Amino acid sequence: MKKISSKIMLLLMGIIAISIITSCEKDDTSSFDEQDAKFLIETTIKNADGASGSSYMKLVPNFSGSIDNSNAVQINFGTSSGVRGKDIFIFPSFGKDGDYNFQKYTYNGTTNLGVPTKLPLPPNSGASNITKINDEKMYVPAYGIGKVLIINPKTMEKTGEIDLSKYAHGDNNPDPANGIIRDGLYYLCLDQVGADYMPYADYHQVDMVIIDPKTDKVKKIIFEKSTNLSFPTRPMDNVKGMIFTDEQDDMYIACVGKFGYDPTYPNNGFVCIPSGKTEFDSSKSWDISNTTIEGTAYKPASIFNCRYIGNDRLVAYVGIFELLDMDNPYTTRNTMAVLIDLNAKTIKQIKGIPLTDGHSVCISLYNDLVIIGAYGSDKVGFFSYNPTTDEVIHRVSATGNPTSFHYFK
């Protein structure tokens, strides 16, 4: 089992502020004034060191103006939510200490989140995303212990698990990250990182297990070795857009590499499993570290999050090595919002979105708009981006780092 006490782990997993430092959650929200609400937002107030602080979740009736953290539910530092239908799932602390409960709130159309149902998970589970199989079954990869937990979302009971230890490289944990359902099969990325939470120097490749949800058995493991990419997807739910399918049902997986911290290995980008196939097609891979970002002199050193918006285009956050301050990487604003075209192989900066730090890389959707969270030097909050007109509007000023947004239709 990997240790989760090192600062490099905070840099890698905590670039969106995952941490073993936790906050005490407030379960009693019955005194809150109830109003109609459609928007769930999350923010983090980080301490001066950038590696600790407090995180908050709040339902609001309007997505405009200025929003603070009053009447918010305080959650574990850096913990994000996973929303499926009206269920709002909160993940446990990422480490052996703190609150290791997996929790579910139920959205009722008002600002009152109520009291959550809790399911204790193993300490150090690293559970931080979900894939719904059906109304009574979901897969929850446990990044810290190398398993997929099987949980009934209705009863909040653990009903089984899938042990992935035999697929690990270098230790007994292959570090299961994010996955997706396609053609009735569950494709799950394995990050395969060492004790420093970096890809192994001798293992720059992409691994993925394919699981049959009918049997909860691994059908096969597949590899993409020729492109020199690694670290496929990050494990948190608020970056699930890093694995997606396009209009042709081709599956693309965003690969982080070494988070832009190693100038000798800036490799990051995309690998692909074509429609109807269960193997990678290396001809469709793209290492974006060789592509200059239009309007700048920079090339992406890592991809932190992305969201497919159709017609071969993605909105993404990428790291810029030249802007990284390793003396204070928790708060360095070296993260740039970009528009990526998978077909044309182009990347351009989205003007109007300020450079942000790694705590704020939220990319979500609201009707025809892309909602982007940023912690800029002069503007902080949620911005809307219209991909048809390229218009950017600063929609909401937030208190602290904006980390997540969800719109209940």
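Residues numbered from 1 in each chain as written. Predicted model: local features only at pLDDT ≥ 70, side-chain atom pairs only at ≥ 80, totals over all residues. Heavy atoms only, no water.

Draft legend 1. Local environment of the overall build of the protein. Helix and strand content of the protein: 1 helix and 29 strands. Relative to a compact globule of 409 residues, whose C-alpha radius of gyration would be 22 Å, the protein shows 20 Å and is just as compact. Buried positions account for 62% of the 409 residues belonging to the protein. Pairs at least 24 apart in sequence give 56% of the contacts found in the protein among residues at least 6 apart. Carbon and sulfur atoms make up 46% of the accessible area of the protein, which totals about 15200 Å². In the protein, 39 positive and 47 negative side-chain charges are present, and the distance between their average locations comes to 2 Å. (Helix = DSSP H or I, 4+ residues; strand = E, 2+ residues; numbered from the N terminus. Rg over C-alpha atoms; globule rule 2.2 N^0.38 Å. Buried < 20%, exposed > 50% of the residue type's maximum accessible area, 1.4 Å probe, protein only. Contact = heavy atoms within 4.5 Å. Areas by Shrake-Rupley, 256 points an atom, 1.4 Å probe, with all protein chains shown as cover. Lys, Arg positive; Asp, Glu negative; His and termini not counted. Charge placed at Lys NZ, Arg CZ, Asp CG, Glu CD.)

Draft legend 2. Structural detail: the sheet that holds strand 12 (residues 157-163). Pairing is antiparallel across the open sheet formed by 4 strands, whose spatial order is 9-10-11-12. A single partner strand is all that each edge strand has here, and the edge strands are strand 9 (131-134) and strand 12. On average, adjacent strands in this sheet sit at an angle of 25 degrees to one another, irrespective of strand direction. When strand 10 (residues 137-142) meets strand 11 (residues 147-152), the two strands line up antiparallel, connected through 5 bridges. Directly across from Ala142, in strand 11, lies its bridge partner Lys147. (Pairing = 2+ DSSP bridges. Axes fitted to C-alpha atoms, helices over the stretch in contact; angles between N-to-C directions.)

Draft legend 3. Representation of the packing of aromatic side chains in the model. Inspection of every chain in the model, using the stated rule, returns 20 aromatic pairs. When the ring centre of Tyr187 is taken as reference, the NZ or CZ atom of Arg182 above it lies at 5.4 Å. The ring of Trp286 has Lys345 lying over it, and the distance from NZ or CZ to the ring centre is 5.5 Å. (Phe/Tyr/Trp six-rings, centres within 6.5 Å; stacked < 30°, edge-to-face > 60°. Lys NZ or Arg CZ within 6 Å of the ring centre and 35° of its normal.)

Draft legend 4. Geometry of the side chain of Ser289. Locating Ser289 in the fold gives a position in the loop between strand 20 (286-287) and strand 21 (302-310). Look past the residues within four positions of Ser289 in its chain and what remains in contact with it is Pro266, Asn267, Asn268, Lys299 and Pro300.

Draft legend 5. The arrangement of the pairing of strand 11 in detail. Within strand 11, 5 of the 6 residues are buried, which leaves it mostly tucked inside the rest of the structure. Between strand 10 and strand 11, which pair antiparallel and follow one another directly, the connecting turn spans 4 residues, one of which, Gly146, has a positive phi of 70 degrees. Note: strand 11 against strand 12, 6 bridges, orientation antiparallel. Opposite Val148, over in strand 12, you have Ile162 as the bridge partner. Counted along the chain from strand 11 to the antiparallel partner strand 12, the turn is 4 residues long, and its residue Met156 has a positive phi close to 55 degrees.

Draft legend 6. Representation of the environment of Lys351 within the structure. Counting through the fold element by element, Lys351 comes out in the loop between strand 24 (346-349) and strand 25 (363-366). Since its relative accessible area comes to 53%, Lys351 is described here as exposed. Sequence spacing of Lys351 and Tyr385 is 34 residues, and the spatial spacing of their C-alpha atoms is 9.7 Å. Looking at Lys351, its side chain comes within polar contact range of the side chain of Gln349, at 3.3 Å. (Polar contact = N/O pair within 3.5 Å; in protein donor to acceptor, adjacent residues only side chain to side chain.)

Draft legend 7. Focus on the pattern of salt bridges. Applying the stated criterion to the full structure yields 11 salt bridges. The shortest N-O distance in the salt bridge between Lys258 and Asp262 comes to 3.6 Å. The structure contains a network of salt bridges with shared partners spanning Lys147, Lys158 and Glu161. (Salt bridge = Lys/Arg side-chain N within 4 Å of Asp/Glu carboxyl O.)

Draft legend 8. Summary view of the nonpolar core. Phe270, Ile303, Cys306 and Ile340 are the most contacted members of the largest nonpolar core, which has 48 residues in total. At the level of secondary structure, the elements contributing two or more residues to this core comprise strand 18 (251-255), strand 19 (269-273), strand 21, strand 22 (313-319), strand 23 (335-341), strand 26 (369-375) and strand 27 (380-385). In this view, Cys306 contacts Gly241, Met242, Phe244, Ala254, Phe270, Leu314, Val315, Ala316 and Ile363; residues no more than four positions away in its chain are not counted. If you look at the next biggest cluster of nonpolar residues, it comprises 16 residues, including Ile180, Cys189, Ile210 and Phe280. (Core = buried A, V, L, I, M, F, W, Y, C linked by side-chain atoms within 4.5 Å.)

Draft legend 9. Looking closely at unusual backbone geometry. For Asp175, which is not glycine, the phi torsion reads 60 degrees and is therefore positive. When you line up the elements, Asp175 lands in the loop between strand 12 and strand 13 (176-182). The buried category is assigned to Asp175, whose relative accessible area is 0%. Phi at Asp183 is positive, roughly 55 degrees, even though this residue is not glycine. Within the secondary structure, Asp183 sits in the loop between strand 13 and strand 14 (185-190).

Draft legend 10. Quick peek at the sheet that holds strand 13. Reading across the sheet, the 4 strands line up as 13-14-15-16 and stay open at both edges, with antiparallel pairing between neighbours. In the strand order of this sheet, the two ends are held by strand 13 and strand 16 (217-224), each with one partner. When the angles between neighbouring strand axes are averaged without regard to direction, this sheet yields 25 degrees. Where strand 14 lies against strand 15 (residues 206-212), 5 bridges are found, and the strand directions are antiparallel. Counterpart to Cys189 in the pairing with strand 15 is Met208.

Draft legend 11. Expanded view of the confidence of the model for the protein. With 91% of its residues at a pLDDT of 70 or more, the protein has an overall mean of 91. Segment residues 14-32: pLDDT under 50, and 73 contacts once partners within four positions in sequence are set aside and those in other chains are kept. (pLDDT = per-residue confidence, 0-100.)

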